[in-house]
Amino acid sequence: MTEERHTVRLHVNGHVYDAAVPARRLLSDALRHDLGLTGTHVGCEHGVCGACTVLLDGRPVRSCLILAVSVDGQEVTTVEGLTNEDGSLGPVQQAFLECHGLQCGFCTPGFLTTITAGLRDNPTPTHEEARDMIAGNLCRCTGYQNIVKAVERASVLQRAQRAKDATVVEEGAHRPSRDQVTEAGT
Amino acid sequence: MGQPVQRVEDQRFLRGQGKYVDDIAVGEHALHAAVLRSPHAHARILDIDVSDVLDLDGVHAVWTWDDLADLSAPMAEPLPLLIPHPTLINGRTQYALAKDEVNYMGEAIAFVVADDRYVAEDALARIRVDYELLTPVVGIAASRAAEHLVHEDVPGNVGARLEQENGDARAAIAQAPHTLTLDLDIERSSCQPMEGRGVVARWDADLNRLLAWSSTQTSTGVRAAIAVKLGLDLGQVDVITPDVGGGFGVKINHPWPEELLVPLAARALGRTVKYTEDRREHFIATAHERAQVQHIEVGFDDDGRLLGLNVEFWHDHGAYTPYGLIVPIITSTQLLGPYKPQSYRVVFESIYTNTVMVTPYRGAGRPQGCFAMERTMDAIAQYLGKDRTEVRAVNFIQPDEFPYDHGLIFQDGRELEYDSGDYPASLEKIKALVGWDEFPAYKAEMAAQGRQVGIGLACYVEGTGVGPYEGAHVHIETSGKVKVATGLTTQGQGHATVFAQLVADELGVRFEDVEVVTGDTRRMPYAVGTFASRAAVMSGSAIHLAAKRAKEKVLRIAADALEVDEKDLQIVDGVVSVKGLPEASIDLGTVSVLSNPLRYAFDEASKAATQFSVGDPGKPPVAEGDEPGLEGKDFYSPERATFASGMHAVIVETDPETAEITILKYAVVHDCGNLINPMVVEGQIHGGVAQGVGGALYERMAYDESGQLLNASFMDFLIPYVTEIPDGIAIDHLETPSPLNPLGIKGAGEAGVIPSAAVFASAIEDAEGFTIKAMPISPSELFHLRQSQEHR
Amino acid sequence: MKPAPFAYHRPGSVADAVAALAGDAGAKVLAGGQSLVPLLSMRLAAPSALVDINGIPGLDTIEVDTASSGGGVRIGALARHADVLASEDVRRVQPLVSLALANVAHATIRNRGTTVGSLVHADAAAEMPVVLSLLGGSIDVEGPGGRRTIPADELYVGPLESSVHHDELAVSAFFPALAPGAGVAFEEIARRHGDYALVGVAALVDGDSVRAGFLSVSDVPTVVDLTGVADDDLGDAALEHLEPAGGIHSDIHATAAYRAQLVRVLTRRVVLAARVSRQARQPKGVAR
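Please read these numbers as outputs of a predicted model, since none were measured by experiment.

Moving on: a nonpolar patch on the surface. Residues and elements named next belong to chain B. A cluster of nonpolar residues, Leu598, Tyr600 and Phe602, forms a patch on the protein surface that exposes about 390 Å² of accessible area. Take Tyr600: it is sitting in the loop between helix 16 (588–595) and helix 17 (604–609). Residue Tyr600 is classed as exposed on the basis of its relative accessible area of 53%.

Following this line, the structure appears as structure tokens:
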């Protein structure tokens with residue numbers, strides 16, 4: 001007796017995916033094995049480590065604690081969706097690179113999605129808020145010091161990017177000088 | 001070298017493009033395996049009924065021990081005992097699938113292969129096993145009492161007894177002006193990398209070859225084991241270590257049953273097969289470490305100088321001994337730390353319990369040794385009314401006493417001889433960094449506010465870069481790109497970046513043009529593995545040497561092509577040129593073309609090379625003793641380990657009412673010789689300290705008397721979040737370069753975690769005013785210790 | 001760790017959900033799933049069917065100052081912890097709910113977990129059941145026979161056991177408003193940030209009345225009346241009630257004796273904090 005499959009439509013990183021999955025298929029497994037998006041990692045399957053964290057309609061959730069069928073039609077953002085269209089690193093990713101915020105990289109996708117949402121909701125966190133933002137994710141390699149630094153660096157990079165984008169939009173033909181961008185970022 | 005270069009591997013990790021073992025063959029309809037594990041700690045297997053299993057849709061195979069001999073005769077034998085030792089007279093290893101009995105909760109009994117992991121687990125639920133329960137032996141006390149045995153044929157549950165001595169410690173203690181006795185206890189813990197174990201295998205029937213990926217710390221070890229157990233030639237097996245989500249030691253043991261069963265299934269079923277352990281399995285079927293009970297006798301003089309140190313300890317190695325006695329041997333030898341006791345005796349018994357087996361966990365026995373010695377130092381200071389740093393200083397090996405031979409045999413079978421270090425300088429640094437001299441005033445100030453604080457210190461020495469060897473292969477391609485391979489593996493240490501830095505330096509190429517591969521037996525089949533903080537020293541040195549060889553050939557060919565003397569040449573950014581004459585140049589890609597006399601010009605590079613002519617037309621194109629191609633290969637095989645060292649200090653606050661323990665300041669002074677990438681080293685220290693905080697204050701294995709592991713999940717095994725780790729760690733470096741390798745480097749991987757139990761015990765003791773003899777410690781335990789003090 | 005197979009229903013209405021529950025004795029409700037899914041993955045629970053209510057419209061409301069939430073806060077079955085926690089209205093009308101919610105797990109779990117789900121899950125180690133009990137709240141359930149209200153003191157009948165019938169769906173929870181001049185406080189002590197508490201205490205002080213709720217101490221959420229007890233005796237008075245009532249829980253993280261110590265320390269701290277909060281409150285607008 002083969003198991004019944006349900007059709008699910010997921011909007012992941014701006015693309016539409018249709019999959020036929022059993023009801024018991026965890027979202028983490030559906031993303032990884034049915035959709036081939038292996039950037040989301042599975043560390044514990046009981047919701048504690050946070051490696052599987054993705055954004056569901058923009059909010060961080062543990063994909064190992066969600067059934068794929070339960071989020072039919074909803075939007076999911078995974079780590080793969082944080083990279084810029086042109087393949088360059090987004091501000092949170094770039095901050096991790098600069099601050100050595102990862103070692104083995106296994107927990108990293110969960111941090112990246114969590115922080116992306118965190119900085120969207122609170123673009124200028126205090127040091128305590130930066131620590132609090134990552135307080136639900138486990139890392140065994142880095143000891144967290146550099147991850148906290150990466151949150152703070154990401155905030156700076158994001159503001160610089162926004163300032164640059166805003167200036168381009170506002171000033172039309174005028175291009176922002178390097179100086180302007182640097183000032184916005186400091 | 002010496003630069004905080006950003007890591008190349010981050011480019012894929014940050015984009016979610018890392019390839020960890022469970023990411024392999026994702027598009028491919030691989031089959032998935034699951035393992036039935038014993039729910040009992042000790043039982044005889046009377047019967048296994050798998051008759052219902054194959055009826056389940058999507059199940060392809062189910063095996064027990066009975067099936068193994070037909071699949072491959074060597075599979076029916078126990079797994080290898082990797083590191084034998086003459087004193088390990090009662091070593092035991094498990095079978096890939098349990099034969100007649102199970103000796104720990106979690107032991108593998110049956111193996112199922114199905115369309116996916118969900119179905120495979122459904123299949124496990126259909127297997128019925130009849131057990132005859134036996135009395136489990138749990139804990140060191142029960143094992144020593146030996147009312148029941150783990151293995152019927154191992155008397156007293158003793159696997160091995162090993163004694164080493166330098167001088168006559170017992171006599172020295174008997175004659176010493178002062179003596180003390182300590183009884184100490186360290187509980188079991190485990191590595192818990194965020195990624196568990198996993199293996200994928202593919203059998204190619206056309207080529208008659210097996211390809212396997214394993215989340216391991218030793219590709220060559222796994223390769224050899226697979227070949228032997230599957231009855232294949234070594235040359236028929238390739239093993240690749242993919243990206244690995246942390247190891248911390250637990251992935252050095254091999255072969256795990258699944259590392260053999262998965263390739264076996266791939267060959268038998270003609271399909272790619274994958275096994276990924278889940279977190280619960282990692283707890284109950286992978287490996288633990290740390291548990292020891294120690295009895296110390298020490299004799300000392302009025303200054304606290306160690307006249308005699310006599311240490312006996314009991315090491316709980318669990319149900320089996322695949323990794324031999326490495327952990328307790330390391331405890332025995334690294335216990336000495338930076339000190340020179342006038343005489344030293346250490347004896348241990350490595351004993352069986354019906355629990356998960358014990359193999360190295362970051363530190364690999366050093367934390368236990370450091371605990372024993374540092375608790376002793378604190379006890380001596382307390383007894384004599386002296387400052388804890390003074391008592392240590394008086395016992396230090398002095399900078400002018402290197403090399404210092406302790407008269408013992410280390411874990412690599414070689415003499416325990418320290419090559420370099422400066423312990424007095426480290427002590428000055430750590431005291432300044434943590435504010436040691438200012439602390440008493442601070443403590444008094446806090447006390448006036450009703451707050452309880454304490455300061456602790458712990459020193460350690462770490463033998464790193466143990467042999468037998470590592471090798472490297474450097475290949476400069478006709479494109480000018482440099483491809484480097486070394487056979488050991490990577491679990492997050494940034495090897496691809498760090499090793500590329502070394503090649504860039506030695507060869508004179510741009511860092512971006514160097515690509516490093518680790519852990520692929522197809523690229524470098526001679527290797528040992530990543531453990532014991534050896535990768536930078538071993539592979540770093542080998543890569544440096546191999547790059548040197550490649551450079552020698554580059555210069556020889558370039559000199560010939562440019563018709564100049566080798567000593568007039570320099571290599572900068574991948575271009576060889578005459579010093580002071582930049583137009584007389586040839587790029588490395590062209591040199592590479594010239595190194596391989598070709599009949600056919602395939603591309604522009606090879607066409608361009610025809611403008612040069614090398615070699616004497618009167619002699620063979622490939623000279624005798626030479627080889628075509630621009631490659632360098634070399635191995636580094638040191639005579640002994642090189643000794644890194646460090647000191648940690650911590651200030652803690654303990655809540656008088658709730659006994660909660662808060663870390664106020666954590667300081668580290670660290671000496672790992674010359675640094676290749678300071679950013680990477682600092683990251684290792686951060687991670688080690690965090691793991692140490694976990695191990696000292698939060699993490700332990702909680703077994704009940706029936707051998708059930710009560711906390712086999714992250715809910716109850718408490719790995720710290722950022723909130724439990726101090727905000728900022730003060731770090732200072734000392735660099736005493738190693739005289740044993742060309743770059744002067746020492747290992748850094750384990751340092752952060754070695755003194756943790758010792759330093760926290762020291763600080764909590766200072767805060768509370770009573771002795772701490774057992775670690776880890778939780779607020780609940782501290783509360784009870786306080787109660788028992790009051791009842792004195 | 002993967003769940004065993006189960007049938008899956010995705011009803012579009014409360015009536016359909018009730019019908020699905022009634023039709024299968026082994027069916028369980030799936031809302032936030034943050035407690036249920038790990039149990040399924042570990043195969044500690046193997047329901048024959050899941051009734052996924054996430055698609056039912058109108059269940060995610062958070063209401064204060066309405067007819068149905070008169071005198072308090074009414075939280076719909078699909079309101080996520082995060083949304084309840086973010087609600088300024090809730091904070092104003094019944095701050096104890098907000099104080100307790102901030103201690104529930106981690107932010108990411110709160111994004112998906114539901115407050116009503118947590119209440120029905122009936123875990124004595126959780127924050128919200130004891131808050132409901134302390135405040136004298138209730139839950140509304142819909143069954144084949146219609147709707148009924150279960151007051152908190154009839155809701156928790158055993159460890160992880162509520163009196164909601166198998167064929168009933170909890171549709172909302174009601175927390176009475178904080179009376180003017182009353183004060184509340186909450187504190188828990190856990191091993192790690194975000195863990196289950198070793199001990200947690202919620203206190204409600206109103207006039208002379210002092211009541212405290214305890215989580216993680218006994219098998220069921222327990223409320224103790226501490227009216228008239230001197231400050232220094234608060235802890236012992238609580239223990240006198242807790243020790244015989246359900247016994248004090250002991251596990252690998254904390255012995256019963258240590259938990260008792262935490263009860264002593266926290267009861268005093270939280271009651272005093274509740275008194276202070278009473279003074280700090282300044283009712284705005286019309287007094288209720």
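So, on to the sheet that holds strand 5 (residues 72–76) of chain C. Residues and elements named next belong to chain C. Within the open sheet, the five strands sit side by side as 4-5-10-6-7. Their pairing is antiparallel. Two strands in the sheet have a free side with no partner beyond their single neighbour: strand 4 (62–64) and strand 7 (146–151). Going from strand to strand, the sheet's axes swing by 20° on average, the running direction of each strand aside. Pairing analysis gives five bridges linking strand 5 to strand 10 (residues 169–176), with the strands arranged antiparallel. Residue pairing across strands places Val73 opposite Phe175, the latter belonging to strand 10. Relative to the sheet, helix 1 (residues 14–22) contacts strand 6 (138–143) and strand 10, its axis offset from that of strand 10 by approximately 120°.

Counting residues in hydrophobic clusters, the biggest one holds 195 residues, and the most contacted among them are Phe96 of chain A together with Tyr418, Leu697 and Phe760 of chain B. Setting aside anything within four residues of it in sequence, one finds Phe760 of chain B in contact with Val650, Val652, Ile663, Tyr666, Val693, Ala696, Leu697 and Met775 of chain B. The next biggest cluster of nonpolar side chains, apart from the first, holds 56 residues, and it includes Val84, Val90, Val171 and Phe175 of chain C.

Residue and element names in this part refer to chain B. Going through the model one piece at a time under the given rule, you end up with 81 salt bridges over all chains. Close ionic contact of Lys274 with Asp22 constitutes a salt bridge, the shortest N to O distance being 3.8 Å. With Lys274 in strand 12 (residues 273–276) and Asp22 in the loop between helix 1 (10–13) and strand 1 (31–37), this pair connects stretches of sequence that are 252 residues apart. Across this residue pair, the class does not change: Lys274 and Asp22 are buried. Here Asp766 ties to Arg388 by a salt bridge, and the two come within 3.5 Å at their closest N and O atoms. Remark: Arg388 occurs in helix 11 (residues 388–395) and Asp766 occurs in helix 19 (residues 756–768); sequence separation between them is 378 residues.

Turning to the sheet that holds strand 27 (residues 661–671) of chain B, a few remarks are in order. All names here are of chain B. Strands sit in the order 18-26-27-28 across an open sheet of four strands; the sheet is mixed. A single partner strand is all that each edge strand has here, and the edge strands are strand 18 (452–464) and strand 28 (730–734). Geometrically, the sheet is characterised by an average inter-axis angle of 15° between neighbouring strands, direction not taken into account. Bridge count for strand 27 against strand 28 is five bridges, and the pairing is parallel. Bridged to Val668 within strand 28 is Ile731. Along the sheet, helix 13 (residues 439–448) makes contact with strand 18, strand 26 (642–654) and strand 27, crossing strand 18 at roughly 145°.

Taken together, the contact between chain B and chain A spans 57 residues of the former and 54 residues of the latter. Summed over both sides, the interface of chain B with chain A buries roughly 4,700 Å², with 56% coming from carbon and sulfur. Of all residues in chain B, Leu14, Tyr118 and Met194 of chain B give up the largest surface area on contact with chain A, accounting jointly for 18% of the area buried on that side. Viewed at the interface, chain A and chain B are joined by 30 residue pairs in polar contact (both at pLDDT 80 or more). If you tally residues by element for the side of chain B that touches chain A, the top one is helix 18 (residues 678–697) of chain B, at eight residues.

All names here are of chain A. For Thr40, the position within the fold is in the loop between helix 1 (27–34) and strand 3 (53–56). Of the residues examined, Thr40 reaches a relative accessible area of 1% and is grouped as buried. Sequence-distant contacts of Thr40, defined by excluding residues within four places in its chain, comprise Leu31, Arg32, Cys52, Val54, Ser63, Thr78, Val79 and Glu80.

In this complex, chain B contributes 31 residues to the contact, which on the side of chain C involves 24 residues. Summed over the shared surface of chain B and chain C, the result is two salt bridges. A salt bridge links Arg43 of chain C to Asp122 of chain B, with the shortest nitrogen-to-oxygen separation between them at 2.9 Å. Along the contact surface separating chain B from chain C lie 14 residue pairs in polar contact (both at pLDDT 80 or more). Elements that contribute at least two residues to the side of chain B that touches chain C include exactly helix 3 (117–125) and helix 20 (779–790) of chain B.

With that out of the way, let us pick up helix 19 of chain B. Residue and element names in this part refer to chain B. Between the first and last C-alpha of helix 19 there are 18 Å, a value that for 13 residues agrees with the 18 Å anticipated at 1.5 Å per step. Summarising burial for helix 19: twelve of the 13 residues are buried, a large majority. Ser756, Ala757, Ala758, Val759, Phe760, Ala761, Ser762, Ala763, Ile764, Glu765, Ala767 and Glu768 are the residues of helix 19 that are buried. A positive phi of about 80° marks Gly769, the residue just after helix 19.

Parameters at a glance
Each chain carries its own residue numbering, running from 1 in the direction its sequence is written. Whichever chain is written first is A, and whichever ligand is written first is 1; the rest continue in order. Under the rules for a predicted model, residues below a pLDDT of 70 receive no local features and side-chain atom pairs below 80 are neither given nor counted, while totals for whole chains, interfaces and linings still include all residues. Only hydrogens and water are set aside when side-chain values are computed; all heavy atoms of the structure are taken into account. In this analysis, a patch consists of residues with relative accessible area above 30% that form no salt bridge, clustered at 9 Å for like charges and at 5 Å for the nonpolar side chains Val, Leu, Ile, Met, Phe, Trp and Tyr. For the accessible areas, the method is Shrake-Rupley and the probe is 1.4 Å, while residue cover comes only from the protein chains on display. A carboxyl oxygen of Asp or Glu within 4 Å of a side-chain nitrogen of Lys or Arg is what we treat as a salt bridge. Under the scheme used here, helices are H or I runs from DSSP no shorter than 4 residues and strands are E runs no shorter than 2 residues, and both carry numbers assigned from the N terminus. The cut-offs for exposure are 20% and 50% of the maximum accessible area for each residue type, with area from a 1.4 Å probe on protein chains only; residues under the lower value are buried, those over the upper are exposed, and the others partly exposed. Two strands qualify as a pair provided DSSP detects at least 2 bridges between them. Axis geometry follows a simple rule: fit a line to the C-alpha atoms, using only the stretch in contact for helices, then measure angles between N-to-C directions, giving values from 0 to 180 degrees. Residue contacts are counted whenever heavy atoms from the two residues lie within 4.5 Å of one another. The term nonpolar core refers to a set of buried residues drawn from Ala, Val, Leu, Ile, Met, Phe, Trp, Tyr and Cys, joined through side-chain atoms within 4.5 Å. Once two parts are joined, some of their accessible surface, as seen by a 1.4 Å probe, is lost; buried area is that loss totalled over both. Pairs of N or O atoms are called polar contacts if they sit within 3.5 Å, as long as, within protein, a hydrogen donor faces a hydrogen acceptor (for residues adjacent in sequence, only side-chain-to-side-chain pairs). In a helix, the anticipated span is given by 1.5 Å times the number of residues less one.

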